[in-house]
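# Residue-level structure breakdown
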Amino acid sequence: MGKSGAAASQLSGRKRNGNGGFAASCGGSHKRFSERVFEQKELILLTLPFVVLLFVFNYVPLWGWIMAFQNYKPGLGIFQSEWVGLANFKALFGDSEFYIGIRNTLGISILKLVTGYAFSILLAVLINEVRVSWFKRTVQTISYLPHFVSWVVVSGIVYSCLSTDGGVVNTVLLHLHLISKPISFMGTANLFWGIMAGSDLWKEVGWNSIIYIAAMSGIDSSLYEAADMDGAGRLRKIFHITLPGILPTVKILLILSIGSILNVGFEQTLLLSNSQTLDYSQTLELYVYNYGMEMGRYSFATAAGIFNSVVSLVLVTTFNKLSRVVTGESAF
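Going along each chain's sequence as written, the residues are numbered from 1 onward. Residues qualify for local features only when their pLDDT is at least 70, as the model is predicted, and side-chain atom pairs are given and counted only at 80 or more; totals for whole chains, interfaces and linings, by contrast, use all residues. Calculation of side-chain values draws on the structure's entire complement of heavy atoms; hydrogens and water are dropped beforehand.

## Comments concerning the side chain of lysine 112
What counts here: Secondary structure counts use DSSP, requiring at least four H or I residues in a row for a helix and at least two E residues in a row for a strand, with both numbered from the N terminus. Burial classification: accessible surface area is computed with a 1.4 Å probe over protein chains only, and a residue below 20% of its type maximum counts as buried, one above 50% as exposed, and the rest as partly exposed. Pairs of N or O atoms are called polar contacts if they sit within 3.5 Å, as long as, within protein, a hydrogen donor faces a hydrogen acceptor (for residues adjacent in sequence, only side-chain-to-side-chain pairs). What makes two residues a contact is simply this: any of their non-hydrogen atoms within 4.5 Å.
Among the structural elements, lysine 112 can be located in helix α5 (residues 96-129). On the basis of relative accessible area, lysine 112 is assigned to the buried category, the value being 14%. Within the structure, the side chain of lysine 112 is placed 2.5 Å from the backbone oxygen of valine 264, a separation counted as a polar contact. Once residues within four sequence positions are removed from consideration, lysine 112 is found in contact with Ala197, Asp200, Val264 and Gln268.

Now the structure itself:
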């Protein structure tokens, strides 16, 4: 009884202390949360209008998804239109053009994702390595400017550059004797994915590099100083300090990008596509637009839109969980 009883008593005491400590911790954390809310009441009040706007413009319109389960007629409205259950979804999954839209959307999205990430990180690394401040600012400004140009203007530039009648790309290729006659880039269906990825890269690579440059500025400078003392060159510092330093940012942005993988850019697709490239240019967004706005099949288009949203939600949740399990980092 002596030693075993003392040990049991000690363990019991520890358990009691542990439970008491846990309860105290819970109470303390609850108190601290209340205190934090009170201390940050000004910030909460400032964000409240934006939360209300988010709710009004992003969540309230979701009640329109009811149309996907109806044979919606604008003259009858939602309350008097006929209920058809899942008929619109059955028709959607039985439409061969729907699968062509998925194929084109995924192909363009993956191409844009890979090229966008690779070149944005490369540009950020190169800008970060520039030591002449005026040249660095100039390069940054020039690379950011295309982001502010509308897709209407960008599509005009793309058509002009790729034109068979004096377009700069065909002219250069002809002078280099790489082709014997001009190529109709905008009229060749299987080149459409590349044109989408290339034009998006030109427009957004500078803008997308901003966040990586910001992440690089947060890397501890003592790591570079220690690398200098060890005689490390620029490439070694890039691969062993800079890139690992921005890796968490890359992962978070990748998870968020996967959530919008079914949104390839409606304006860009609409402006750059034409009847000759229809087999490779009809994405899910164009599919919804054509059926909803041009054919007046609002319920069918809403069903396609719901599919798009649900798949995006599943993708971002899945990859966020995978990232948390594999790397210990997640977006939410």
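## Notes on helix α14 (residues 284-294)
Here α14 has its buried residues at Leu284, Glu285, Leu286, Tyr287, Asn290, Tyr291 and Gly292. In this structure, the buried residues of α14 make contact with α4 (87-93), α5, α12 (266-272), α13 (278-281) and α15 (298-326). Once α14 ends, the next one or two residues include glycine 296, with phi positive near 75°.

## What to know about the UniProt feature "domain: ABC transmembrane type-1" (unreviewed entry) in the chain
Test applied: UniProt positions are given in the numbering used here, feature names are shortened, and annotations may be inferred rather than shown by experiment.
Feature annotation in UniProt assigns "domain: ABC transmembrane type-1" (unreviewed entry) to the following positions: residues 102-319. The distance from the first to the last C-alpha atom of residues 102-319 is 19 Å, and the span holds 75% helix and 0% strand.

## A look at the confidence of the model for the chain
What counts, and what does not: Think of pLDDT as the predictor's per-residue confidence, scored from 0 to 100.
In this model, the chain carries an average pLDDT of 85, and 90% of its residues clear a pLDDT of 70 or more. Mean pLDDT across the elements of the chain bottoms out in helix α1 (residues 2-39) (54) and peaks in helix α7 (residues 151-161) (94). Counting interchain partners and residues more than four positions distant, the pLDDT-below-50 stretch residues 1-27 has two contacts.

## Thoughts on the UniProt feature "transmembrane region" (unreviewed entry) in the chain
Look at the UniProt record and you will see "transmembrane region" (unreviewed entry) annotated at residues 43-66, 106-127, 238-262 and 298-316. Across residues 238-262, helical content stands at 88% and strand content at 0%; the span's end C-alpha atoms are separated by 33 Å. As annotated, residues 298-316 has a helix share of 100% and a strand share of 0%, and its two end C-alpha atoms lie 27 Å apart.

## Some points on the pattern of salt bridges
Rules: The salt bridge definition used is simple: a Lys or Arg side-chain nitrogen within 4 Å of an Asp or Glu carboxyl oxygen.
All told, the structure shown has six salt bridges when counted by the stated rule. Put simply, glutamate 204 and lysine 203 hold a salt bridge, and the shortest N to O gap is 3.2 Å. Comparing glutamate 204 with lysine 203, the two get one shared label, buried. In this structure, a network of salt bridges that share partners links the residues Glu129, Arg131 and Arg234.

## Here's the deal with the packing of aromatic side chains
Which entries qualify depends on this criterion: Side-chain rings of Phe, Tyr and Trp, where Trp is taken by its six-membered ring, are said to pair if the distance between their centres is within 6.5 Å; with planes under 30 degrees apart they count as stacked, over 60 as edge-to-face, and otherwise as tilted. In our convention, an over-ring charge means Lys NZ or Arg CZ found within 6 Å of a ring centre and within 35 degrees of that ring's normal.
Counted according to the given criterion, the structure contains 15 aromatic pairs. Ring plane angle 55° and centroid distance 5.9 Å describe the contact between phenylalanine 98 and tyrosine 287, whose orientation is recorded as tilted. Residue phenylalanine 98 is located in helix α5, and its partner tyrosine 287 is located in helix α14; the two are separated by 189 residues in the primary sequence. Look at phenylalanine 98 and you get buried, because its relative accessible area is 0%. Aromatic side chains phenylalanine 98 and phenylalanine 307 sit 5.1 Å apart centroid to centroid with 75° between the ring planes, which places their arrangement in the edge-to-face category. With a gap of 209 residues between them, phenylalanine 98 in helix α5 and phenylalanine 307 in helix α15 connect regions that are remote in the sequence. Exposure class is identical for phenylalanine 98 and phenylalanine 307. Each is buried. Taken together through their ring pairs, the aromatic side chains of Phe93, Phe98, Tyr99, Tyr287, Tyr291, Phe300 and Phe307 make up a single cluster. The lysine or arginine in question, lysine 41, covers the ring of phenylalanine 38, its NZ or CZ lying 4.3 Å from the ring centre. In this structure, arginine 297 packs its charged tip against the face of phenylalanine 300, placed 4.2 Å from the ring centre.

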